[in-house]
Amino acid sequence: MESSDEPPSLPPQQQSSSLLHDVLGSATAGIISRIMTHPLDTVKARLQAPSSSFATYRGPIDALIQTYRNEGIRSLYGGFGAVIVGGTPGTVLYLTGYAFFRDTFSSLASNSGGNNGGSTFNSSNKPNLTQGQEFAVHFSSGILAEAVTCIIYVPVDVVKERMQVQSKSRESLISNKDSLRKPQSYRYNGSWDALQQIIRTEGMTGIYRGYWATLASFGPFSALYFVFYERCKVWSKEMLQDNNNSDAQRMDDGDLPLHYLVACSAGAGALASWLTSPLDMAKLRLQVQRGQTAAASSTGQNTIYRGMFDCLHSAYKKGELFRGAGARVLHFAPATTVTMTAYEKCRSFYADTLR
């Protein structure tokens, strides 16, 4: 006899519609977020780059002002083309992949015998899980979504960060002072040119430079972010229910009041980004150092790292472990807020519009 608690499965047409809503919502959210927060990402990258690469900045705001004043708005949007062309499919894969893994693991956990041997579902038609099961489901789903997305996003990230950390004024000074030092850093004339130069000079390994470092950085970030974000949404629904909103537990995530979604995504993004800032710093330094190898060997100005642990150890000894952490939070808190709030709201909008 089949369990009466099992919800009816969605017809294939409704499943396809749900996937379409997820895809459209995540694509729209990714574009909106990048337009609004890319300059902050550029500032973060410059603050985390080796000390010899740029003038000393007093903080994120100072870096933003100096970059704009000395190099113009285009430098703040360095690598933006690569992010839009490659990053938008990455955002779609990331969010839809997370939803797929979360739903799959939730069903498996509910059927594993942890709930008295059977599947139970709440009023939102979602499996009832213990807090331990929820943590495991959201943590593992975040890491797996990141692992899959990194196949697309690492090349985008390499191009973006090479574009972000090149300095027009510094390269011009070096070229005029000593032509022999011109190879100190490549000069890219756009995202496509950067991609071609990296492949030509470093091969495909250059494009996937730091894949494992990226996964080691963004995997824990995604895992912690979704753990915090999902828990915040549960608390939000409990608060609404305490305020005599009897439909709160049946409410779709996209129907949560806007200020609740903003608070959930901003809080989760700020905490997760700060905790994983040292990993992101190490990842960035590993990705940009290959383009500076020639200069490092001739001038000795740049440290050559043997891997992520070596980079973290070196940064720790120099007191730079959390260098750029404030800029990372300043970038990720707005970025995750805009992305996830837009994703939830756009998904609901498309679901209502495309019925």
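The following paragraphs examine the structure supplied in this document. Note that the coordinates shown come from a computational prediction; the quantities given were computed from them, not determined experimentally.

## Topic: the overall build of the chain
Next, step 1: Within the chain one finds 14 helices and zero strands.
Next, step 2: When each of the 355 residues of the chain is scored for burial, the buried share is 51%.
Next, step 3: For the chain, restricting intrachain contacts to residue pairs at least 6 apart in sequence, the fraction spanning at least 24 positions comes to 78%.
Next, step 4: Only carbon and sulfur atoms are counted for the fraction: they give 61% of the accessible area of the chain, which is about 17,300 Å².

## Quick word on the nonpolar core
In summary, soluble globular proteins display a tendency toward joint burial of nonpolar side chains.
Next, step 1: Counting 24 residues, the largest nonpolar core has L95, F221, Y225, F226, Y229 and M340 as the members making the most contacts within it.
Next, step 2: Of all the secondary structure elements, the ones that give two or more residues to this core are α4 (80-111), α9 (211-242), α10 (258-275) and α14 (325-353).
Next, step 3: In this structure, F221 is in contact with G269, A272, S273, T276, R328, F332 and T336, ignoring residues within four places of it in sequence.
Next, step 4: Judged by nonpolar contacts, the second largest core, of 16 residues, contains A147, C150, V156 and Y211.

## So, the pattern of salt bridges
Next, step 1: Per the counting criterion, the structure on display carries 17 salt bridges.
Next, step 2: The partner of E202 in a salt bridge is R162, and the shortest N-O contact between them spans 3.1 Å. Here E202, found in helix α7 (residues 191-202), pairs with R162, found in helix α5 (residues 131-165); they are 40 residues apart in sequence, far enough to count as distant.
Next, step 3: Classification of E202 as buried rests on a relative accessible area of 9%.
Next, step 4: Where K283 meets D280, a salt bridge forms, and the shortest distance between an N and an O atom there is 3.3 Å. Taken together, the positions of K283 and D280, both in helix α11 (residues 277-289) and three residues apart, correspond to about one turn of that helix.
Next, step 5: Taking relative accessible area as the criterion, D280 reaches 0% and is therefore assigned buried.

## Describing the environment of I304
Next, step 1: On the secondary structure map, I304 appears in the loop between α12 (293-299) and α13 (308-317).
Next, step 2: Sequence separation of I304 and L286 is 18 residues, and the distance between their C-alpha atoms is 8.6 Å.

## Focus: empty space enclosed by the protein
A probe as big as a water molecule, rolled over the atoms, marks out the empty space that is left.
Next, step 1: As enumerated under the stated definition, the model contains four cavities of 30 Å³ or more in all.
Next, step 2: One number sums up the size of the largest cavity: a volume of about 560 Å³.
Next, step 3: R34, T91, Y94, Y153 and F332 are the residues nearest the centre of the largest cavity, which is lined by 32 residues in total.
Next, step 4: The element that contributes the greatest number of residues to the lining of the largest cavity is α4, accounting for eight residues.

Rules used in this analysis
- Residues numbered from 1 in each chain as written.
- Predicted model: local features only at pLDDT ≥ 70, side-chain atom pairs only at ≥ 80, totals over all residues.
- Heavy atoms only, no water.
- Helix = DSSP H or I, 4+ residues; strand = E, 2+ residues; numbered from the N terminus.
- Buried < 20%, exposed > 50% of the residue type's maximum accessible area, 1.4 Å probe, protein only.
- Contact = heavy atoms within 4.5 Å.
- Areas by Shrake-Rupley, 256 points an atom, 1.4 Å probe, with all protein chains shown as cover.
- Core = buried A, V, L, I, M, F, W, Y, C linked by side-chain atoms within 4.5 Å.
- Salt bridge = Lys/Arg side-chain N within 4 Å of Asp/Glu carboxyl O.
- 1 Å grid on protein atoms, 1.4 Å probe; cavity = no way out; pocket = protein on both sides within 12 Å on 5 of 7 lines; lining within 4 Å.
- Points joined across faces, edges and corners; volume = space filled by probe spheres on them.

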